[in-house]
Amino acid sequence: MEHPDDLVFEYVALLALALDVCAPEPAPARLAVTHVGGGGLTLPRWVQHTRPGSPQVVLEPDAGLTAQVRRELPLPRGHRIRVRPVDGRTGVAALATGSADAVVLDAYAGGRVPPELGTLEFLTDCARVLSPGGVLLANVADEPGLRYAGRVAAGARAALGHTAYLAPHEVLKGRRFGNGVLVARRGPVDVAELRRRLPRLPFPAGLLADADLRRRVPGARPFLDAAAERSPEPPEPGRWRLR
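Residues numbered from 1 in each chain as written. Predicted model: local features only at pLDDT ≥ 70, side-chain atom pairs only at ≥ 80, totals over all residues. Heavy atoms only, no water.

### Re the state of the cysteines
Phase 1 of the analysis: Inspection of the entire model under this criterion finds zero disulfides.
Phase 2 of the analysis: Here Cys126 is not cross-linked by a disulfide; its sulfur's nearest cysteine counterpart is in Cys22, at 16 Å. (Disulfide = S-S within 2.5 Å.)

Structure follows, in structure tokens:
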């Protein structure tokens, strides 16, 4: 990838922005990042570009996809990106306590977040892996109403304490299905700094602070392993579910 800082997808740009604001140390300090879901390794490449030498673990069960990506887009020299061919639950369970400055959840199967990756039990294990000042970021796709995102946020809040939700304006306003980024950490989320930087993005985006998210989805309860759900099914290409 010739330009690893050219983040085309909106949710990836939001993940990068949130990581920069909420990471324990400002760039270019190195960060230990665990990625649950690899895809095209876009965010790991961005972390390597902005914070060279950062140790990164990518949990991606599709070894064939990883091989294709690395063949067509070789990783940069000097990288410390290690891809493990395991699913998110198995991979996170094997990580040492306090070993990551950031855990990024960006795992989809058939366009939906697998049910086992949105539960309180899994989010609690992610919290275990985080350093005391670490941050959990999750790419959460949802329909208008944010029912699913609200329940994942409830689990993250129970596991860590503080949350916020970033998304394009049209998603926050309930005009379309779309992706947002859930931010969770033990200390307060720097909502003011996130809001200050959002206008720098090439698309209009906003933020729901913790209290706003609670009001948007009142009474939301965490998903549990015994009754887990996938994220909502995305609409057919070119068709948005509007309300």
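### As for the packing of helix α5 (residues 120-129) against helix α6 (residues 147-160)
Phase 1 of the analysis: The contact between α5 and α6 brings their axes to 9 Å, and the two run at 40°. Here α6 runs oblique to α5, going by the angle between their axes. Handedness of the crossing formed by α5 with α6: right-handed. Residues Leu120, Leu123, Thr124 and Ala127 of α5 form the contact with α6, whose participating residues are Val152, Gly155, Ala156, Ala158, Ala159 and Leu160.
Phase 2 of the analysis: The class makeup of the residues in the contact of α5 with α6 is eight nonpolar, two polar and no charged. (Axes fitted to C-alpha atoms, helices over the stretch in contact; angles between N-to-C directions. Helix = DSSP H or I, 4+ residues; strand = E, 2+ residues; numbered from the N terminus. Parallel < 35°, antiparallel > 145°, perpendicular 65-115°, else oblique. Left-handed = near helix turned anticlockwise from the far one by under 90°. Contact = heavy atoms within 4.5 Å. Nonpolar A, V, L, I, M, F, W, Y, C, P; charged D, E, K, R; others polar.)

### Brief notes about α6
Every α-helical turn comprises 3.6 residues, leaving residues that sit three or four positions apart pointing alike.
Phase 1 of the analysis: Look at α6: 20 Å from first C-alpha to last across 14 residues, which is about the 20 Å you get at 1.5 Å a residue.
Phase 2 of the analysis: The buried fraction of α6 amounts to 11 of the 14 residues, a majority that puts the element mostly inside the structure.
Phase 3 of the analysis: Regarding α6, the residues found buried are Tyr148, Ala149, Gly150, Arg151, Val152, Ala153, Ala154, Gly155, Ala156, Arg157 and Leu160.
Phase 4 of the analysis: Structurally, α6 contributes buried residues whose contacts are with α5, β5 (130-142), β6 (162-168), β7 (178-185) and α9 (210-216).
Phase 5 of the analysis: Phi for Gly161, located one or two positions after α6, is positive at around 125°. (Expected span 1.5 Å × (residues − 1). Buried < 20%, exposed > 50% of the residue type's maximum accessible area, 1.4 Å probe, protein only.)

### Brief notes about the sheet that holds strand β2 (residues 56-59)
Phase 1 of the analysis: Strand order in this open sheet of eight strands is β3-β2-β1-β4-β5-β7-β6-β8, and the pairing throughout is mixed. Edge positions in the sheet fall to β3 (81-84) and β8 (205-209), since each of these pairs with one other strand and no more. Strand-to-strand twist of the sheet, defined as the mean angle between neighbouring strand axes without regard to direction, takes the value 15°.
Phase 2 of the analysis: Sheet strands in contact with α5 are β1 (33-36), β4 (100-105) and β5, and its direction is about 145° off that of β5. (Pairing = 2+ DSSP bridges.)

### Description of the nonpolar core
Phase 1 of the analysis: Counting residues in hydrophobic clusters, the biggest one holds 37 residues, and the most contacted among them are Val36, Val103, Leu105, Leu136, Tyr165 and Leu182.
Phase 2 of the analysis: Sort the elements by how many residues they give to this core and α6 lands first, with six residues.
Phase 3 of the analysis: Residues within four places of Val36 in sequence aside, it is in contact with Leu59, Gly88, Val92, Val103, Val104, Leu105, Asp106, Ala107, Leu117 and Phe122.
Phase 4 of the analysis: Grouped together as the second largest cluster of nonpolar side chains are 34 residues, Leu166, Val181, Leu198 and Phe203 included. (Core = buried A, V, L, I, M, F, W, Y, C linked by side-chain atoms within 4.5 Å.)

### Details of a positive patch on the surface
Phase 1 of the analysis: Together, Arg30, Arg70, Arg80 and Arg82 give the surface a local cluster of positive charge.
Phase 2 of the analysis: By secondary structure assignment, the location of Arg82 is in strand β3.
Phase 3 of the analysis: For Arg82, a relative accessible area of 46% puts it in the partly exposed group. (Patch = residues over 30% accessible without salt bridge, like charges linked within 9 Å, V, L, I, M, F, W, Y side chains within 5 Å. Areas by Shrake-Rupley, 256 points an atom, 1.4 Å probe, with all protein chains shown as cover. Salt bridge = Lys/Arg side-chain N within 4 Å of Asp/Glu carboxyl O. Lys, Arg positive; Asp, Glu negative; His and termini not counted. Charge placed at Lys NZ, Arg CZ, Asp CG, Glu CD.)

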